[in-house]
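Take a look at the letters that make up each chain.
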Amino acid sequence: MDHFLYRDGALYAEDVPIYEIAAAVGTPFYVYSTATLLRHFQLFDNALDGMDHLVCYAMKAASNQAILKTLAQAGAGMDVVSGGEYLRAKAAGVPGDKIVFSGVGKTADEIRAALSGGIRQFNVESEPEMEVINAIALELGVVAPITVRVNPDVDAKTHAKIATGKSENKFGIPIARASEVYAHAASLPGLEVIGIDVHIGSQLTELEPFELAYTKVAELTEKLRSEGHNIRRLDLGGGLGIPYTRANDAPPLPVEYGALIKKTLGHLGCEIEIEPGRLIAGNAGLMVSKVIYVKSGEGRDFLILDGAMNDLIRPAMYEAYHDIVAVQEPAPGVEQQPYDIVGPVCESGDTFAKERNMPPLAPGDLVAFRSAGAYGAVMSSEYNTRPLIPEVLVHGDQFAVIRERPSFDEIINRDTIPEWL
Ligand code: LLP
């Protein structure tokens, strides 16, 4: 459920008409609903009720500080994957002891920044990384709390580019080597081993892969405990999928996911962390764009929008489906017609949808891409010298621009010309 509904013939974000935001900020833009963000966070938080737990929002999904602050005020921690994300979370007021640091290639500078500023734990992905964290912790005179990310060799049954839990993926250490790696970690005086981390992929639409992975984590917990490690925290990653089409796909609900966690891991008495990103932000955001031209092609019509692949890259990159709706509610019974929906960027990959049935649309009409809140704005670029598009946050009947559209001068003046030119 989200808070983007038609009212009096027009699409609203909570109590604000989308056309009003478009008039104020211009198109294209991203708009997020506070109520939807909070609702999704609460679903996870409630699903783990009765267990000691922390929901660490995977801020890579949508990292605007206004979103982080909204979630942090509701009690969320953060999962960060870079020094930049760490600093952004801190800037949004998230305390270090609620930030977990994931990622396969943390640099020495990033590790130093997090150890100096305070960190809940590092999710360590390799032995070389472990050595570097140990050395920096000793240099700073602190002890770094760590989990080790294990790769359970489980097929997440998702798009190949976002599956991470098979042995051929670059992530974590093979679960079969865990005893050896944990013994190594325990021998390093700058580290304190507190738990185990696992994340098998994103946009999972079944519980079975989670069940396989978490069962392996449960077995590993007992094994490592018997080897003398005080395993007391389990970070279970993110990955629960969302419905991208409203009709025919229904991934498991957070409450079912929570029940699975309790079933597979509840007996261990560990503190549980989860790192959902997409489910919290995905359906809490729209990208709104305007039709520039309707062009008749060979056997099909093209809707040419002012938004493009640089603004929302998921269709080009993952063949992702996004529901696209007219902001003006189509009259009942209006005949739909197929359009290829494209942006102005100079490559055919800049196609959002092919032969998508839409009500008749004309230049100037607004359309909204649903499920664009996660991995939308954060993956955008300035390809074709197109400015990053603004982000807007709605709260009841209020809205605020939470990232301005940069001017062309700001973009162009970022370049510097060498003196020999
Ligand atoms: N934790 C770790 C260690 C991760 O790598 C990820 C996502 C998450 C948590 C959050 O997963 P989520 O709950 O959002 O599924 N750009 C892609 C998705 C990449 C996901 C990368 N890792 C897309 O647009 O589909």
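Source: prediction; values computed, not measured.

What follows covers the packing of aromatic side chains. Counting across every chain of the model gives seven aromatic pairs. Consider the rings of Tyr30 and Tyr32, whose centres lie 6.5 Å apart with planes at 10 degrees: the pair is stacked. Residue Tyr30 shares its accessibility class with Tyr32, and that shared class is buried. The interplanar angle of 85 degrees and the centroid separation of 6.2 Å between the aromatic rings of Phe44 and Tyr257 together place this pair among those described as edge-to-face. With Phe44 in helix H2 (residues 34–47) and Tyr257 in helix H9 (residues 254–265), this pair connects stretches of sequence that are 213 residues apart. Phe44 sits in the buried class, given a relative accessible area of 1%. Ring-pair connections join several aromatic residues into one group, and the members of that group are Phe44, Phe210, Tyr214 and Tyr257. Over the ring of Tyr12 we find Arg7; its NZ or CZ atom is 4.7 Å from the centre of that ring.

Moving on: the pattern of salt bridges. Scanning the model with the defined rule gives 23 salt bridges in all. In this structure, the salt-bridge partner of Asp109 is Arg112, at a minimum N-O distance of 3.5 Å. Of this pair, Asp109 and Arg112 both sit in helix H5 (residues 108–117), separated by three residues, roughly a single helical turn. For Arg112, a relative accessible area of 27% puts it in the partly exposed group. Between Arg120 and Glu273 there is a salt bridge whose closest N-O contact spans 2.7 Å. Linking Arg120 in the loop between H5 and strand E8 (121–124) with Glu273 in strand E13 (residues 271–274), this pair joins segments that are 153 residues apart in sequence. The burial state of Arg120 is the same as that of Glu273; both residues are buried.

With that settled, consider the UniProt feature "binding site: substrate" (unreviewed entry) in the protein. UniProt tags Arg278, Arg314, Tyr318, Glu347 and Tyr375 as "binding site: substrate" (unreviewed entry). Look at the named residues: they lie 98 residues apart in sequence, and the longest C-alpha span between them is 27.7 Å, so in the fold they stay spread out. Mapped onto the fold, Glu347 is located in the loop between strand E17 (337–342) and strand E18 (351–358). The exposure class assigned to Glu347 is partly exposed, which follows from its relative accessible area of 35%. Aside from chain neighbours lying at most four places away, what touches Glu347 is Met309 and Tyr383.

Right, let's talk about the environment of Ser371 for a bit. If you trace the backbone, Ser371 turns up in the loop between strand E19 (366–369) and strand E20 (391–395). The spatial distance from the C-alpha of Ser371 to the C-alpha of Gly285 is 6.1 Å, given a sequence separation of 86 residues. The residues contacting Ser371, other than those within four sequence positions of it, are Ile242, Pro243, Tyr244, Gly282, Asn283, Gly285 and His322. A polar side-chain atom of Ser371 sits 2.6 Å from a polar atom in the side chain of Asn283.

Ranked by size, the top nonpolar core spans 98 residues in total, and within it Tyr57, Met78, Phe122, Tyr214, Leu234, Leu236 and Ile261 carry the most contacts. Counting residues per element, this core draws most heavily on helix H8 (residues 208–226), at seven residues. The next biggest cluster of nonpolar side chains, apart from the first, holds 18 residues, and it includes Phe4, Val16, Ala22 and Leu286.

Taken domain by domain, the protein comprises domain 1 (4–31 + 282–412) and domain 2 (34–280). Here domain 1 and domain 2 have C-alpha centroids that lie 32 Å from each other. In this assembly, 25 residues from domain 1 lie in contact with 25 residues from domain 2. Approximately 2,000 Å² of surface area, both sides summed, lies buried where domain 1 meets domain 2, with 54% of it carried by carbon and sulfur atoms. At the junction of domain 1 and domain 2, the tally comes to zero salt bridges. Listing elements by their share of the side of domain 1 that touches domain 2, those giving two or more residues are helix H11 (314–318), E20 and strand E21 (398–403). Top element by residues in the side of domain 1 that touches domain 2 is E20. It accounts for four residues.

What follows deals with the site of the ligand. In the neighbourhood of the ligand, 18 residues make up the surrounding shell, with Ser202, Glu275, Arg278, Arg314 and Tyr375 lying closest. At 3.3 Å from an oxygen atom of the ligand is found a side-chain nitrogen or oxygen belonging to Lys60. Note that a nitrogen atom of the ligand is positioned 2.8 Å from one of the side-chain N or O atoms of Tyr318. Taken domain by domain, the shell around the ligand gets at least three of its residues from each of domain 1 (4–31 + 282–412) and domain 2 (34–280).

All right, on to the pairing of E19 then. A regular strand places its side chains on the two faces of the sheet in alternate fashion. On E19, burial covers both faces: Leu366 and Ala368 on one face and Val367 and Phe369 on the other are all buried. Here strand E14 (residues 285–296) pairs with E19 via four bridges, running antiparallel. Across the sheet, residue Lys290 finds its bridge partner in E19, namely Leu366. Bridge count for strand E16 (residues 324–326) against E19 is three bridges, and the pairing is antiparallel. If you follow Ile324 over to E19, its bridge partner there is Phe369.

Conventions adopted
- Residues numbered from 1 in each chain as written.
- Predicted model: local features only at pLDDT ≥ 70, side-chain atom pairs only at ≥ 80, totals over all residues.
- Heavy atoms only, no water.
- Phe/Tyr/Trp six-rings, centres within 6.5 Å; stacked < 30°, edge-to-face > 60°.
- Buried < 20%, exposed > 50% of the residue type's maximum accessible area, 1.4 Å probe, protein only.
- Helix = DSSP H or I, 4+ residues; strand = E, 2+ residues; numbered from the N terminus.
- Lys NZ or Arg CZ within 6 Å of the ring centre and 35° of its normal.
- Salt bridge = Lys/Arg side-chain N within 4 Å of Asp/Glu carboxyl O.
- UniProt positions renumbered as here; feature names shortened; annotations may be inferred.
- Contact = heavy atoms within 4.5 Å.
- Polar contact = N/O pair within 3.5 Å; in protein donor to acceptor, adjacent residues only side chain to side chain.
- Core = buried A, V, L, I, M, F, W, Y, C linked by side-chain atoms within 4.5 Å.
- Domains from an automatic or database assignment.
- Buried area = accessible area lost by both parts, 1.4 Å probe.
- Near = heavy atom within 4 Å.
- Pairing = 2+ DSSP bridges.

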